[in-house]
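Geometric and topological summary
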Amino acid sequence: MTQNIFAGGTVITQHKMAKTQVQIAELSEQLTIEEVLYRAEVTYWLAAATKQYLSNAEAYYRVVKALFDVVDKRFDDGYVSKSDLLMVNTRLKEAELQWNSAKRAASVAFQNLNILMGTPVDKAIDVTDLIDTELDLPTYKTLDDVLSIRPEYLLVDKNITKQKQYVSSVYAQYNPMIVGGIKAGWGTPMINLTGEPSFNSTVYASFRFPLLEWGKRSYSARAAKVEVNKLNMEKVRVTDQINSELSSSWVNLNDNYKQIIIANENLSIAAENMDLNTLRYNEGQLPILDVLSSQLSWIQAFNNSVQAEYNYKVAYADYKKATGVMQ
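Residues numbered from 1 in each chain as written. Predicted model: local features only at pLDDT ≥ 70, side-chain atom pairs only at ≥ 80, totals over all residues. Heavy atoms only, no water.

Secondary structure summary: the protein contains 6 helices and 3 strands in total. Going from N to C terminus, the protein has its helices and strands arranged as β-α-α-α-α-β-β-α-α. For the protein, buried positions account for 33% of its 327 residues. Long-range contacts, defined as pairs at least 24 residues apart, comprise 83% of the intrachain contacts of the protein with a sequence gap of at least 6. Carbon together with sulfur atoms contributes 56% to the accessible area of the protein, which is approximately 19800 Å² in total. (Helix = DSSP H or I, 4+ residues; strand = E, 2+ residues; numbered from the N terminus. Buried < 20%, exposed > 50% of the residue type's maximum accessible area, 1.4 Å probe, protein only. Contact = heavy atoms within 4.5 Å. Areas by Shrake-Rupley, 256 points an atom, 1.4 Å probe, with all protein chains shown as cover.)

What follows is the structure, given as structure tokens:
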């Protein structure tokens, strides 16, 4: 049996390093979880956006189809030319193609959402929060608020702590060490008169004190300190990266919020213009081309509104990730 009485601090530093390593593993797990949550949020909002795109494409098809039915009837009655009917029919086929493309995009988006959730790709699912769900602007957070919770920064900080502990362990290897123990012996003496074995035990202590290592301690400690300096520079780089992500995500979030307001105003104007042009065409005051143009402007404005909502939701997720509050 051997027992370290004094190991020069090696055991203590190794114990501290082990505890730090546990904290590093926990932070790595947290970083992975946050990345999964971010991907889940973006994938979810993409599915919600494609669902709305599909609804828009269907609505556009029905609007053009209603116009086609009117023009077709008027053509049969001899009130409109063949060119008007062909123009509307062409736009109707384009709307049908757009509808089919939206169906395919929505199917792929929901399949990706199933894959992310670990469910069969063909499982029928739906989104509860639509793409136009309101998300108010969050409060602004400073860099100091963020650094204390961002796992990337905490990971580098813990790695620095671990490397400093390793430097201490390097020094500890060259400190004096005292080891005590008990050594047992079992056997018979050289001159065995009785034929019976004997049991002997010895208590001992050993002392080790490195006198000359030809600079090995200095070189080893210097190499370990170089790693500390490298990690300190990495800490500065990570800080700058977090600061850049924080500022850019905040600016992007506010810009996309303004884009939603503009897109919704444009949609309202385009819808009113389409209704007015359709009414004036039915009264014989406008050519069919103006109605088709207003319908196209309406669906473009509708899709722009959905795109603005999606961009804002992604920017919201980016800001949550930048501030370290993904949950």
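Moving on, we get to the side chain of Ser294. Mapped onto the fold, Ser294 is located in helix H6 (residues 288–323). Polar side-chain contacts of Ser294 include one of 2.7 Å to the backbone oxygen of Val291. Aside from chain neighbours lying at most four places away, what touches Ser294 is Asn273, Met274 and Asn277. (Polar contact = N/O pair within 3.5 Å; in protein donor to acceptor, adjacent residues only side chain to side chain.)

Judged by nonpolar contacts, the single largest core of 24 residues is most densely connected at Tyr60, Leu67, Val71, Val88, Tyr281, Ile288 and Trp298. Mapped by element, the contributors of at least two residues to this core are helix H1 (10–77), helix H2 (82–117), helix H5 (216–282) and H6. Of all the elements, H1 adds the most residues to this core, at 7 residues. (Core = buried A, V, L, I, M, F, W, Y, C linked by side-chain atoms within 4.5 Å.)

So, about the pattern of salt bridges. In total, this model carries 14 salt bridges according to the counting rule given. Of the charged contacts, one joins Lys321 and Glu35 as a salt bridge, the two residues approaching to 2.9 Å between their closest N and O atoms. Here Glu35 lies in helix H1 and Lys321 lies in helix H6, a separation of 286 residues in the sequence. Accessibility expressed as a relative area gives 29% for Glu35, which makes it partly exposed. Its salt-bridge partner being Glu58, residue Arg62 comes within 2.8 Å of it at the nearest N-O pair. Here the residue Arg62 and the residue Glu58 both occupy positions in helix H1, the gap between them amounting to 4 residues, near one helical turn. Under the relative-accessibility criterion, Glu58 is labelled partly exposed at 28%. Linked through salt bridges whose partners overlap, the residues forming this network are Glu35, Arg39 and Lys321. (Salt bridge = Lys/Arg side-chain N within 4 Å of Asp/Glu carboxyl O.)

Along the chain, Thr133 turns up in the loop between H2 and helix H3 (143–147). The spacing of Thr133 and Glu309 is 176 residues in sequence and 8.5 Å in space, taken between C-alpha atoms. Once residues lying within four places of it in the same chain are set aside, the contact partners of Thr133 are Trp45 and Lys313.

The N-to-C vectors of H1 and H6 enclose an angle of 170 degrees; their axes lie 10 Å apart at closest approach. Considering their axes alone, H1 and H6 lie roughly antiparallel with respect to each other. Of the residues that constitute the contact of H1 with H6, the class distribution is 23 nonpolar, 5 polar and 6 charged. (Axes fitted to C-alpha atoms, helices over the stretch in contact; angles between N-to-C directions. Parallel < 35°, antiparallel > 145°, perpendicular 65-115°, else oblique. Nonpolar A, V, L, I, M, F, W, Y, C, P; charged D, E, K, R; others polar.)

Looking now at the confidence of the model for the protein. For the protein, per-residue confidence averages 88 on the pLDDT scale, and residues scoring 70 or more make up 89% of the total. Within the protein, strand S1 (residues 2–6) has the poorest average pLDDT of any element, 66, and H6 the best, 96. (pLDDT = per-residue confidence, 0-100.)

Taking 1.5 Å of rise per residue, the 36 residues of H2 would be expected to cover 52 Å, and the 53 Å separating its terminal C-alpha atoms lies within 8% of that figure. Backbone geometry just downstream of H2 places Gly118 in the positive-phi region, at approximately 80 degrees. (Expected span 1.5 Å × (residues − 1).)

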